[in-house]
Amino acid sequence: MLAIKNLHANVEGKEILKGINLLINAGEVHAIMGPNGSGKSTLANVLAGNSSYEVTEGEVYFDGKNILEMNPETRAREGIFLAFQYPIEIAGISNATFLKTALNEIKRYKGEPELTPKEFLDRMKAKAQILGLDETLISRYVNVGFSGGEKKRNEIFQMLMLEPKFVLLDETDSGLDIDALKIVSSGVNIYRNKDNAVLVVTHYQRLLNYIQPDFVHVLFNGKIIKTGGKELALELEDKGYDWVKDEALETQNV
Amino acid sequence: MNEIKDNAAEELSENMKILDDVTTTEYKWGFVTDIDSETVKKGLNEEVIRFISKKKNEPDWMTEWRLKAFRYWQKMEEPKWPNVKYPQIDFQDISYFSAPKQKPKLESLDEVDPELLKTFEKLGIPLDEQKILSGVAVDAVFDSVSVATTFKETLKEKGIIFCPISEAIKDHPELIKKYLGSVVPYTDNFYATLNSAVFTDGSFVFIPKGVRCPMELSTYFRINSQETGQFERTLIVAEEGAYVSYLEGCTAPIRDNNQLHAAVVELVALDDAEIKYSTVQNWYPGDKEGKGGIYNFVTKRGACRGKNSKISWTQVETGSAITWKYPGCILQGDNSVGEFYSVAVTNNMQQADTGTKMIHIGKNTRSTVVSKGISAGKSNNSYRGLIRIGKNAEDARNFTQCDSMLMGDKCGANTFPYIEVENPTAKVEHEATTSKVGEDQIFYLNQRGISTEDAVNMIVNGFCKEVFNELPMEFAVEAQKLLAISLEGSVG
Ligand SMILES: Nc1ncnc2c1ncn2[C@@H]1O[C@H](COP(=O)(O)OP(=O)(O)OP(=O)(O)O)[C@@H](O)[C@H]1O
Ligand SMILES: [Mg+2]
């Protein structure tokens, strides 16, 4: 589904991603862990097409299409969804208006009929229920005055509404209380199926108890320096990152 | 809960329509109607004023009033303080009267020049019967003469007068004598004085004691003839306990030369009366290089004469090459309330110097000012607001919020707040913000499948929400469309 080959990217002239290789198939869940500043959010933003990040080398194919040539809205319409580490506030626009606009754009792109307002509202209600999202949040302005946890839940709510094919979760678990973590995880699990894929960025193994990954990657200094199964996350939690760095240094992988 | 959802649904479909509607960047209303019109020779002198007055069959007292204004005007100088730049206007190079040549008095729409009706249709003015049923009474000002007034009969039953001011001068001289110039005296300022001398038409609204006007009253202005200045005069009087909501919409055809527009609007609210005055102004702003466009120098003022009276100005200004406009309220009556909600958009070479004046005289008077300025291109957008609290205005309150949004880095926004407080019990609050349309906001919307163009529209509409909320529904939709058209292509 997603093939990243030798991806290099700069932010303000400084190289942050230094050759990422990653293959994600439909039905898989991948987790990326790594110390602060290692480039996890950068990777997520580059995949989503944020123009503040400049790709200097490499290729990214999504369902066989070279997405690096697409603008961010086209990537979104193709089915790439980024749950932001820091969701943005938009005053004066209700969540409902925002989602209706987004959903219709995506439907139009795919040549599918738009939802009627009734269908749309029913869908919003159903998805909000899954996440235990207070319905008043739907008519409130996008993320304005939302608590940190509500913002994160709102990201997952949007994901359920828009039904993307590939989801990037950038630290969606940070700032969530234990109950919210379970609810959000179950939202992701309800969404998961054999046709879509998830890339989870997290610092905490705990999330991976709920969203079970097929692969765990360690990102360090702009490169993936280790890949393992879900037990790797436990090991990292236990021992930190130093041993992985040392190991990588030995194999000249850094 | 159901209500929330229904509202949301309504809002959704509205917004979708708006976004879908955005297709053209050109000024949509830039057509000229070819009708036979009678235009007076360029220039201004007492003879011209007598001519205008005579053409309109005015009584002598009116002619005299105009002449007084003219004599006063000759001694005045054009104001230089606004933060706008334009070449010297040659007031002798303007024709001050233009009227479609036809029967002086029209009984029904059938008698109206079909070309005119076509123009109105293009403008989307609801003049035909079905549209009338939708509940808007329209007084259409085409260049300088009112050609059709609808719904008069229904209004008449309630004792409401809604007619061209020229008609009111003849039919209701006692009201005109009492109120015309009582809020904006003929000596008020350069443009208002000029207007007093040469005004050609406009609307008169009178809501008698205790009557709530059952429908929105609406006037559409359109400037058609080349190089005629448009000088409307509008007077709205709400007697004790009366209520009226009045809508003003404006368009003008594209011209290479700049056209002058200097209107005067006077509102009078007696005890417990309320007047809501909404404007959507989209006059031709000139082309990208700043050629052509309307010079809009307008004096709008409301007097809250009675206790507990209320006047609200809501304006959405997207057009005109230059806008110079400060709708204000004189809060004379105790507990009276003045409100000003404004969205001013400037793009390309447009210049706007606009804001409000709230003059607190009575006790416990309150005013609210919400101004949203959006600048794009190389335009310049200034907010100028005066809050004056007189020495007898015990416990007066003002809250001013003044937000500017910049699109790109070639435009400018300025805020000039003037606050004069003579009573120590007064509370005056002023908040101002300036923001740029954020890349991170645009990216967030892009990431959900929304194009940059639509993202900008959404962000801007969100920014203006508080003001749009004050507009009647159809007007709010219109305003959002205009905003989208005005700003198309300014980011990305
Ligand atoms: N817009 C930006 N401008 C300047 N530097 C940036 C920008 N975005 C990222 N960086 C830098 O790139 C590096 C990688 O940042 P990134 O956000 O990708 O890290 P991360 O792995 O997501 O960290 P965290 O775990 O703290 O979220 C950091 O040094 C950061 O300061
Ligand atoms: Mg990060």
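About the cut-offs
Residue indices follow the written sequence of each chain, beginning from 1 at its first position. Following the order in which they are written, the chains are lettered starting with A and the ligands numbered starting with 1. Only residues with pLDDT of 70 or above have their local features reported here, since the model is predicted, and side-chain atom pairs are shown and tallied only from 80 upward, although totals for entire chains, interfaces and linings are computed over all residues. As a rule here, side-chain values cover all heavy atoms of the structure and leave hydrogens and water aside. The rule for donors is simple: N, O or S, within 2.8 Å of the metal, or within 3.2 Å if the metal is Na, K or Ca. Water isn't counted, so a site may look like it is missing partners. Secondary structure is summarised from DSSP: a helix means a run of H or I of at least four residues, a strand means a run of E of at least two, and numbering begins at the N terminus for each. Partly exposed residues are those whose accessible area sits between 20% and 50% of the maximum for their type, while under 20% is buried and over 50% is exposed, using a 1.4 Å probe and protein chains only. Strands pair, by our definition, only if DSSP identifies at least two bridges between them. Handedness of a crossover: with both strands directed away from the viewer, a clockwise path from the first strand across the helix to the second marks it as right-handed. Here, two residues are considered to be in contact whenever any of their heavy atoms come within 4.5 Å of each other. Buried area is understood as the total, over both parts, of accessible area removed when two parts are fitted together, assessed with a 1.4 Å probe. Each reported salt bridge corresponds to a side-chain nitrogen of Lys or Arg within 4 Å of a carboxyl oxygen of Asp or Glu. N or O atoms within 3.5 Å of each other form a polar contact, as long as, within protein, one can give a hydrogen and the other can take it, and as long as residues adjacent in sequence are counted only when both atoms are side-chain atoms. Pairing of aromatic side chains requires ring centres within 6.5 Å, counting the rings of Phe and Tyr and the six-membered ring of Trp. Pairs whose planes differ by under 30 degrees are stacked, by over 60 edge-to-face, and all others tilted. In what follows, a disulfide is any cysteine sulfur pair within 2.5 Å. pLDDT is defined as a per-residue confidence score from the predictor, taking values between 0 and 100. Axes here mean lines fitted to C-alpha atoms, for a helix over just the part in contact, with angles spanning 0 to 180 degrees between N-to-C directions.

(A) Broad picture of the coordination of the magnesium ion (ligand 2). Residue and element names in this part refer to chain A. Taken together, the protein ligands of the magnesium ion (ligand 2) are Ser41 (OG) and Gln85 (OE1), with distances of 1.9 to 2.2 Å. With Ser41 in helix α1 (residues 40-48) and Gln85 in the loop between β6 (80-83) and β7 (90-94), this residue pair connects regions lying 44 residues apart in the sequence. Residue classification places Gln85 among the buried positions, given a relative accessible area of 15%.

(B) Main features of the pairing of strand β10 (residues 197-201) of chain A. Residue and element names in this part refer to chain A. Judged by how many residues are buried, β10 sits mostly within the fold: five of five residues are covered. Sheet topology places strand β9 (residues 166-170) next to β10; five bridges connect them, and they run parallel. Within β10, the position partnered with Asp170 by the bridge is Val201. Once you follow β9 into helix α7 (residues 178-191) and on to β10, the crossover reads as right-handed.

(C) Examining the interface of chain A and chain B more closely. Each side of the interface is counted separately: chain A has 45 residues, and chain B has 29 residues. Taking both sides of the interface into account, the surface hidden between chain A and chain B amounts to around 3,000 Å²; carbon and sulfur atoms contribute 67%. Together, Ile88, Thr101 and Leu121 of chain A form the three largest contributors to the area buried by chain A at its contact with chain B, with a combined 16%. Remark: the boundary between chain A and chain B carries one salt bridge. Ionic pairing is found between Arg448 of chain B and Glu155 of chain A, a salt bridge with its closest N-O pair at 2.7 Å. The interface formed by chain A and chain B includes ten residue pairs in polar contact (both at pLDDT 80 or more).

(D) Region of interest: the packing of aromatic side chains. Overall, the coordinates contain 16 aromatic pairs over all chains when judged by the stated rule. With a centroid separation of 6.3 Å and 45 degrees between ring planes, the pair formed by Phe62 of chain A and Phe166 of chain A is classed as tilted. Residue Phe62 of chain A is found in strand β4 (residues 53-62), and its partner Phe166 of chain A is found in strand β9; the two are separated by 104 residues along the sequence. With relative accessibility at 0%, the residue Phe62 of chain A sits in the buried group. With centroids separated by 5.9 Å and ring planes inclined at 15 degrees, the aromatic side chains of Phe98 of chain A and Tyr444 of chain B adopt a geometry described as stacked. With Phe98 of chain A in helix α3 (residues 95-110) and Tyr444 of chain B in helix α10 (residues 439-446), the pair connects residues from two separate chains. Site record: aromatic cluster; members linked through ring pairs are Phe70, Trp73, Phe190, Tyr191, Phe297, Trp324 and Tyr326 of chain B.

(E) Region of interest: the state of the cysteines. Residue and element names in this part refer to chain B. Scanning the model with the defined rule gives zero disulfides over all chains in all. A disulfide-free cysteine, Cys163 has its sulfur positioned 13 Å from the sulfur of Cys213, the nearest such atom. Judged by its relative accessible area of 4%, Cys163 is buried. Cys464 provides the cysteine sulfur closest to Cys411, a residue in no disulfide bond, and the two sulfurs are 14 Å apart. Using a relative accessible area of 13% as the deciding quantity, one classes Cys411 as buried.

(F) Here's a closer look at the confidence of the model for chain A. On average, residues of chain A score 93 in pLDDT, and 99% of them are at 70 or above. For chain A, per-element mean pLDDT is lowest for helix α5 (residues 136-139) of chain A, which scores 84, and highest for β6 of chain A, which scores 98.

(G) The sheet that holds strand β1 (residues 2-11) of chain A, seen in detail. Residue and element names in this part refer to chain A. Judged by pairing direction, the sheet is antiparallel, and its four strands sit side by side in the order β2-β1-β4-β5 without closing on themselves. Each edge of the sheet is formed by a strand with only one pairing partner; in this case those strands are β2 (14-24) and β5 (65-66). In terms of strand pairing, β1 meets β4 through eight bridges, oriented antiparallel. Bridge assignment links Asn10 to a residue of β4, and that residue is Glu54. Running at roughly 110 degrees to β1, α1 makes contact with β1, β2 and β4 of the sheet.

(H) Representation of the side chain of His203 of chain A in the model. All names here are of chain A. Structurally, His203 is set in the loop between β10 and α8 (205-210). Polar contacts involving the side chain of His203 include one to the side chain of Asn36, which spans 3.4 Å. Of note is the side chain of His203, whose polar atom sits 2.9 Å from the side chain of Glu171. Leaving out residues up to four positions away in the same chain, His203 has contacts with Met33, Gly34, Pro35, Asn36, Lys40 and Glu171.

(I) Structural detail: the environment of Asn95 of chain A. All names here are of chain A. Within the secondary structure, Asn95 sits in helix α3. Taking relative accessible area as the criterion, Asn95 reaches 0% and is therefore assigned buried. Note: C-alpha distance between Asn95 and Leu249 (154 residues apart in sequence) is 47 Å. In contact with Asn95, not counting residues within four places along its chain, are Leu137, Ile138, Arg140, Tyr141, Val142, Phe146, Asn154 and Gln158.

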